[in-house]
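Chain and residue survey
What follows is each chain in one-letter form.
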Amino acid sequence: MRLSRWLLIGLALAAAALAGIAFGTLRLSPPDVWHAALGQGDPMHVTIVRSLRLPRVLLAALVGAGLGAAGAALQGATRNALAEPYLLGVSGGAAVGAVLAVALHAPPALIPLAGFAGALAAVALTLLVARAGGGHGDARTVLMAGVVVGSFANAAIMVALSNADPSVVRGALWWMMGSVADASWPQVRVLSLFVAVGIAILIALARAIDVLALGEDTAAGLGVDVARVSLGVYVAGALLAAGTVAAAGLVGFVGLLVPHLVRLAGARTHRGLIAGAAIVGATLVVLADVIARVALPPSELPLGAVTALVGVPFFLARLRRLA
Amino acid sequence: MIAFRDVAVRYPRREVLALDGVSLEATRGRITAVVGPNGSGKSTLVRALVGRVPLARGGIAVDGADAGAGSRRELATRVAVVTQREESPFPIGVHDYVALGRHPHLGVWRAPSAVDRAAVARAIAVTEIEALTDRPVTELSGGEWQRVRLARAVAQGGDALVLDEPTTFLDVGHEMAVFELLSRLAREGQAVLLVSHQLNLVARFADHLVLLHRGTVAAHGSPAEVMLGPVLERVYDWPLVVTRDPAVGAPSLVPLRSRSRG
């Protein structure tokens, strides 16, 4: 990708972040934002910016960066342009964990943890099922195992919710729709660790993913340890997806769409693609969160619904290009 | 250079061995061709070499050292493989694609050196794909794609080239160009191991032929020793005659119409 394109997507992220801090129930001007961020001016502005909007924007950016990077790496490693971070059973597993937590009347603070645990358990199950299928690292086996585990999780959720109290259904559904409204600095700190480690692993594997994208046999002929690199991508991708799910629930379409946008922008190798997808993913989720806040005041739209609504036209345009 | 010794391979949940005691050698300066009907184990041989199927028995050695023992990356700096099937789902450019042949020579972070760039440029030149370098690989014709894949293997820069059906989808001219190129690489000292269905071309270009049948070696030797009517008729289960190629005198197979059978 050319330098000018990198500058452009960097500027877009900065602009989105500024909008994310400025817009909301109380609209701030850019100078207000600047002063408040430095702790000067109206104390209420300082509180709004520092304790509410800044962590919210950062959390949204981290969620988008993690999903974008994970999607780019998974699409390459599985040679599937429709692959996305939730596909290894992450979304289904997270939902099962969250529904269980809500149904067992766990305190709200435990719901993200339950979602995280469910997501990781589902990924582990997916990889075990794929291994039992005996695909020798064949990506198709892993994708199919992910579909099977995801379907099983959905069935489990439906069974659990069919007899549940309406308040349980509502609580679980709301969490599944995704939101960064309750963002806090501790959440930002934890997720930034996940995202930094996950993206670092994926960038280190990027060259091997370039080769893996040509097929397992060809990659083996080029000296790539197919099983090890695939597992590295799956584990890093699952950590990123599960971390973002714990922080913000399910935010659909970002991991699927963003890598396509970055490829359109000219990313040729996975190192540029993963880094670019992190930046563009962050921008997209921050913008989607702004829309979620301001579209229907005073209520907020679910973040996952907005990313999908924003993403669909982009994806249709991409399909037209392919056709 | 590459030696298969009594190699046996069994795919999971299969009764029959895909390869059962195959021994063959591909030496430097020669084209060694593996021929045989569909399902005779030709591609399994290539997959066993790159470690994609476990050996049930026997061993594969590269320059005397066990191919499975050392690192895959190190092996890939010496042996380049063009597999039978390969699809790039993403629109990577031809030049970048050929440069992936240098992957085993690069570390995680090291940028491609002058040596790497020179190897890529030479590979593009000898395979005559200069006109394609700016195109995305997803927009190539079947024949162009085969030549680009060959260029990637040449860029890999080892002493041995292993190719599984490299002339599928190629027209006569491009097919001949590939065989001439392989012949030239062999003369320059490379070990070329070629899996092919093109018996008549292989009979003209290969120095050594190995005929596989149901996972075992049915015949091996020079083209004249292997291309015998009764042997080929039994292995391919089809009536045929072997004549002399009128132009160059190499053995040439002519399959007959089925009604003349029996």
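Keep in mind that this is a model prediction, so the values were computed, not measured.

1. Observations regarding the overall build of chain A
Within chain A, the secondary structure is distributed over 14 helices and 0 strands. On C-alpha atoms alone, chain A measures out to a radius of gyration of 20 Å, which is about the 20 Å that the 2.2 N^0.38 rule sets for 323 residues. The principal-axis extent of the C-alpha atoms belonging to chain A is close to 65 × 55 × 35 Å. Here chain A holds 323 residues, and 54% of them are scored as buried. The contacts in chain A between residues at least 6 apart in sequence include a share of 76% that link residues at least 24 apart.

2. Thoughts on the sheet that holds strand S3 (residues 31-35) of chain B
All names here are of chain B. Strand order in the open sheet made by the 6 strands is S6-S7-S8-S3-S9-S10, with mixed pairing throughout. Only two strands of the sheet have a single neighbouring strand rather than two, namely strand S6 (79-82) and strand S10 (216-221). Pairwise comparison of adjacent strand axes, ignoring direction, gives a mean angle of 15° for this sheet. Relative to S10, strand S9 (residues 208-213) runs antiparallel, the two being bridged by 5 bridges. Within the sheet, the bridge partner assigned to Leu211 lies in S10 and is Ala219. Strands S3, S6, strand S7 (160-164), strand S8 (191-195) and S9 of the sheet are contacted by helix H1 (residues 42-49), whose axis makes an angle of about 140° with S7.

3. Here we look at the sheet that holds strand S5 (residues 65-66) of chain B
All names here are of chain B. The sheet built from 4 strands is open, its strands ordered S2-S1-S4-S5 with antiparallel pairing. Where the open sheet ends on each side, the last strands, each with one partner, are strand S2 (19-26) and S5. Of the strand pairs in this sheet, strand S1 (residues 2-9) and S2 are connected by 6 bridges, and their pairing is antiparallel. Its bridge partner lying in S2, Ile2 is registered against Ala26.

4. Considering the packing of helix H1 (residues 3-22) of chain A against helix H3 (residues 43-78) of chain A
Residues and elements named next belong to chain A. Running from N to C, H1 and H3 point in directions that differ by 140°, and their axes come no closer than 9 Å. By crossing handedness, the relation of H1 to H3 is classed as right-handed. Packed against H1, whose contacting residues are Ala17, Gly20 and Ile21, the element H3 presents Val49, Arg53, Leu54, Val57, Ala60 and Ala61 at the interface.

5. Considering the nonpolar core
Residue and element names in this part refer to chain A. One finds Leu59, Ala69, Val90, Ala98, Ala242 and Ile274 to be the most contacted residues of the largest nonpolar core, which totals 196 residues. At 18 residues, H3 tops the list of elements feeding residues into this core. Residues within four places of Val90 in sequence aside, it is in contact with Pro85, Ala119, Ala122, Val123, Ala238, Ala241, Ala242 and Val245.

6. Details of the environment of Ala275 of chain A
Note that Ala275 of chain A resides in helix H13 (residues 270-294). Sequence-wise, Ala275 of chain A and Gly237 of chain A are 38 residues apart; in three dimensions their C-alpha atoms are separated by 14 Å.

7. Some thoughts on H1 of chain A
The α-helix advances 3.6 residues per turn, and as a result positions three or four apart in sequence lie on the same side. Residues and elements named next belong to chain A. The first and last C-alpha atoms of H1 sit 29 Å apart over 20 residues, in line with the 28 Å expected at 1.5 Å per residue. The elements touched by buried residues of H1 are helix H2 (30-37), H3 and H13. Looking one or two residues past H1, Gly24 carries a phi angle of roughly 155°, positive in sign.

8. Brief notes about the pairing of strand S4 (residues 55-62) of chain B
When a strand is regular, its side chains alternate between the sheet's two faces. Residue and element names in this part refer to chain B. Pairing analysis gives 6 bridges linking S1 to S4, with the strands arranged antiparallel. Counted as the bridge partner of Ile2 is Val62 from S4. In this sheet, S5 lies alongside S4 in antiparallel orientation, the contact comprising 2 bridges. Opposite Ala61, over in S5, you have Asp66 as the bridge partner.

9. Brief notes about the packing of H1 of chain A against H13 of chain A
For any two helices packed against each other, the geometry is given by the interaxial angle and the distance between the axes. Residue and element names in this part refer to chain A. For the pair H1 and H13, the least separation of the axes is 9 Å and the interaxial angle reads 25°. Classified by the angle between their axes, H1 and H13 sit roughly parallel to one another. Both H1 and H13 take part in a crossing whose hand is left-handed. From H1, Ile9, Gly10, Ala12, Leu13, Ala16, Ala17, Ala19 and Gly20 reach across to H13, where they touch Gly276, Ile279, Val280, Ala282, Thr283, Val286, Leu287, Asp289 and Val290. Taken together, the residues of the contact of H1 with H13 sort by class into 12 nonpolar, 4 polar and 1 charged.

10. Notes on the confidence of the model for chain B
In low-pLDDT segments, the atomic positions of the prediction should not be examined closely. All names here are of chain B. Residue-level pLDDT values for chain B average 91, and 98% of them are 70 or greater. Considering each helix and strand of chain B separately, the mean pLDDT is smallest for S5, with a value of 90, and largest for S3, with 97. In the predicted assembly, ipTM is 0.87 and pTM is 0.87.

How each quantity is defined
- As a convention, each chain's residues are numbered from 1 in the sequence order in which they are written.
- For this description, chains carry letters from A and ligands carry numbers from 1, given in the order in which they are written.
- It should be noted that, the model being predicted, local features are given only for residues of pLDDT at least 70 and side-chain atom pairs only at 80 or more, the latter also being counted only at that level, while totals for whole chains, interfaces and linings use all residues.
- Each helix corresponds to a stretch of at least 4 residues labelled H or I by DSSP, and each strand to a stretch of at least 2 residues labelled E; elements are numbered beginning at the N terminus.
- Atoms considered for the radius of gyration are the C-alpha atoms alone. The globule rule reads 2.2 Å times the number of residues to the power 0.38.
- Between the buried cut of 20 or more and the exposed cut of 12 or fewer other C-beta atoms within 10 Å of a residue's own C-beta lies the partly exposed class, and all C-beta atoms are placed from the backbone.
- For every residue pair, C-beta atoms are placed from the backbone, and the pair is scored as a contact if these atoms sit within 7 Å.
- The rule for pairing is simple: two strands pair if DSSP sees at least two bridges between them.
- In this description, a line fitted to the C-alpha atoms serves as the axis of each element, helices being fitted only across the stretch in contact, and the angle between N-to-C directions of two axes falls anywhere from 0 to 180 degrees.
- Take the far helix as your reference; a near helix turned counterclockwise from it by less than a right angle gives a left-handed crossing, and one turned clockwise gives a right-handed crossing.
- Joining buried Ala, Val, Leu, Ile, Met, Phe, Trp, Tyr and Cys residues through C-beta atoms within 7 Å gives a set, and that set is a nonpolar core.
- Helices are assigned an expected span. That span is 1.5 Å times one less than the residue count.
- Roughly parallel covers angles under 35 degrees, roughly antiparallel covers those over 145, roughly perpendicular covers 65 to 115, and oblique covers all other angles.
- Polarity classes work like this: nonpolar for Ala, Val, Leu, Ile, Met, Phe, Trp, Tyr, Cys and Pro, charged for Asp, Glu, Lys and Arg, and polar for all others, with Gly in that last group.
- Residue-level confidence of the predictor is what pLDDT reports, using numbers from 0 through 100.

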